[in-house]
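Next come the chains, spelled out residue by residue.
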Amino acid sequence: MDHAYYMNFAIDLAKRGIGQTSPNPAVGAVIVKGGEIVGFGAHLKAGEPHAEVHALNMAGGKAIGATMYVTLEPCSHFGKTPPCSNAIIDKKLHKVVIASVDPNPKVSGEGIRKLKKAGIEVITGVMEEEAKQLNEVFFHYMQYKRPFVTLKTATSLDGKIATATGESKWITGQTAREDSHFYRHHHDGILVGIGTVLADNPSLTTRLPAGGKNPVRIILDHELRTPLDARVVTDGQAATWIIVKASVPEEKRRRFINAGVEIMEFPGSEINVPELLYFLGEKGITSLLVEGGATIHGSFLRDRAVNQVLSYISPKVIGGEKAKPAFGGEGFAHLADALELKIKEVTQIGEDLKMVLVPKRG
Ligand SMILES: Nc1c(/N=C/[C@@H](O)[C@H](O)[C@H](O)COP(=O)(O)O)[nH]c(=O)[nH]c1=O
Ligand SMILES: [Zn+2]
């Protein structure tokens, strides 16, 4: 067999944990001895055993002299669980094949050094790109300390998110709408503006046939105009944070706090997106799905605070100068300033088109 055969399995294991391991990376490990898979595992939840430990437990005594394939460099620091590099040395493995090294400058390369010092052969860079892609959120958050941002738009063919009379249900079909719930499952937070809350009374929960993790619902609502009987306040389905400005009176906030909502005061009045992202990063939001509406999207566009665009396009034409575009605000006066993206994925999904795009580097 070649290394990719087993590393593919480890990457596939890791993929299943994406979203639920946050703020930890998703990691997969496979242990092979004499051409036989003797153990495997994935990290499932922050604070629980790492992938390597699950795999070592399954392999038991067969781990001695075996080879481990792991998607991320084994940890070397005492976090919530003892270091995996120690466990691998204790179990006397012969070789460790690693896809990507740890991006955390504090620990990068430390695990590999310990393994080599203990006489274990280490190979790195096997399927490195795939493994990095897997944890793009983790690597981004580790480096910038603010959430990886996915802007989601659902528009008509002519780029509208609602008719001139405000109708928007539904522009895209059931299949596309359900697909967007996978992204809710994978993101720590979902952000909408007060305009969307007033227009749609959204629940912003993850409703997939097999369930899914609900993101924290983050409402940008400076004046606290969210109705007390809004779903995000009353349904108890997921955490709700409402971001207000300092001038909102205490007794008004009290009513929401009593309903279980977290009211967070954010300095400044205009939405300063980079500052908002640091603010959310400090609260442990490592990935943010921005569902709009146009004003919010306009601010994120203006500040180029976008790591991924998820665009669903319906083969409907709404027309009308007054019908709302996906991105509000001023927009860029010059084409040279437009946010340039690279298409990562284009698929038809139900009747609609789905595109996943990333900003062009540089
Ligand atoms: N109008 C549309 C969308 N609209 C997106 C947001 O404006 C909605 O308020 C939000 O998704 C509602 O969340 P819910 O209550 O949890 O279902 N999004 C879509 O994909 N297609 C649409 O046609
Ligand atoms: Zn570990």
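Residues numbered from 1 in each chain as written. Chains lettered and ligands numbered in written order. Predicted model: local features only at pLDDT ≥ 70, side-chain atom pairs only at ≥ 80, totals over all residues. Heavy atoms only, no water.

### Considerations on the site of ligand 1
To keep it simple, the criterion reads: One heavy atom within 4 Å of a molecule or strand is enough for the residue carrying it to be called near that molecule or strand. Any pair of nitrogen or oxygen atoms within 3.5 Å is treated as a polar contact; in protein, a donor-acceptor pairing is required on top of that, and neighbouring residues in sequence qualify only through side-chain atoms on both sides. Calculation of accessible area relied on Shrake-Rupley with a 1.4 Å probe; when residues are assessed, cover is drawn exclusively from the protein chains displayed. Helix and strand assignments come from DSSP, with helices taken as H or I runs of at least 4 residues and strands as E runs of at least 2, each series counted from the N terminus. Residues are grouped as follows: nonpolar covers Ala, Val, Leu, Ile, Met, Phe, Trp, Tyr, Cys and Pro; charged covers Asp, Glu, Lys and Arg; every other residue, Gly included, is treated as polar.
Residues in close proximity to ligand 1 total 16 residues, the closest being Ile 171, Thr 172, Asp 200, Leu 204 and Arg 207. At 2.8 Å, a side-chain N or O of Arg 184 approaches an oxygen atom of ligand 1. Relative to its unbound accessible area of 520 Å², ligand 1 is 89% covered by the protein chains. For the shell around ligand 1, the secondary-structure elements that each account for two or more residues are β6 (148-156), α7 (174-186) and α8 (194-200). Of the residues contributing to the shell around ligand 1, the split by class is five nonpolar, five polar and six charged.

### Let's talk about helix α12 (residues 294-302)
As a reminder, the rule being used: Remark: exposure states derive from per-residue accessible area (1.4 Å probe, protein chains only) relative to the maximum for the residue type, with buried under 20%, exposed over 50%, and partly exposed in between. Residues count as neighbours in contact if any of their non-hydrogen atoms are within 4.5 Å of one another.
Summarising burial for α12: seven of the nine residues are buried, a large majority. Looking at α12, one finds that the buried residues are Ala 294, Ile 296, His 297, Gly 298, Ser 299, Phe 300 and Leu 301. If you follow the buried residues of α12, they end up packed against β6, β7 (189-193), β8 (216-220), α11 (273-282) and β11 (287-292). Arg 304 sits one or two residues past α12 and shows a positive phi near 50 degrees.

### Brief notes about the UniProt feature "binding site: NADP(+)" (unreviewed entry) in the chain
The following threshold applies: UniProt positions are given in the numbering used here, feature names are shortened, and annotations may be inferred rather than shown by experiment.
In the numbering used here, UniProt assigns the feature "binding site: NADP(+)" (unreviewed entry) to Ala 154, Trp 170, Thr 196, Asp 200, Gly 293, Ala 294, Thr 295, Ile 296, His 297, Gly 298 and Ser 299. A maximum C-alpha distance of 24.4 Å shows the annotated residues, which cover 146 residues in sequence, to be distributed over more than one spot. Take His 297: it is sitting in helix α12. Looking at His 297, the relative accessible area reads 2%, which means it is buried.

### Considerations on the packing of aromatic side chains
What counts here: Any Phe, Tyr or Trp ring, taking Trp's six-membered ring, that has another such ring centre within 6.5 Å forms a pair; planes under 30 degrees apart are called stacked, those over 60 apart edge-to-face, and the others tilted. Comment: the charge-over-ring label is applied if NZ (Lys) or CZ (Arg) is within 6 Å of the ring centre and within 35 degrees of the ring normal.
One pass over the full model with this rule turns up five aromatic pairs. On the numbers, 5.2 Å between centres and 35 degrees between planes, the contact of Tyr 6 with Tyr 69 is tilted. Placement of the pair is Tyr 6 in helix α1 (residues 3-15) and Tyr 69 in strand β3 (residues 67-72), with a sequence separation of 63 residues. For Tyr 69, a relative accessible area of 6% puts it in the buried group. Taken together, the aromatic side chains of Tyr 5, Tyr 6 and Tyr 69 make up a single cluster linked through ring pairs. Directly above the ring of Trp 170 sits Lys 169, whose terminal nitrogen or CZ lies 4.8 Å from the centroid. Note that Lys 283 overlies the ring of Phe 279, its terminal NZ or CZ placed 5.1 Å from the centroid.

### Remarks on the domain arrangement of the chain
The condition is simple: For the purposes of this description, domain bounds are those given by an automatic or database domain assignment. Two parts placed together each lose some accessible area; with a 1.4 Å probe, that loss summed over both constitutes the buried area.
According to the domain assignment, the chain consists of domain 1 (3-134) and domain 2 (145-359). Once you take the C-alpha centre of each, domain 1 and domain 2 turn out to be 35 Å apart. In this assembly, six residues from domain 1 lie in contact with six residues from domain 2. Summed over both partners, the interface of domain 1 with domain 2 comes to about 440 Å²; 50% of that surface belongs to carbon and sulfur atoms.

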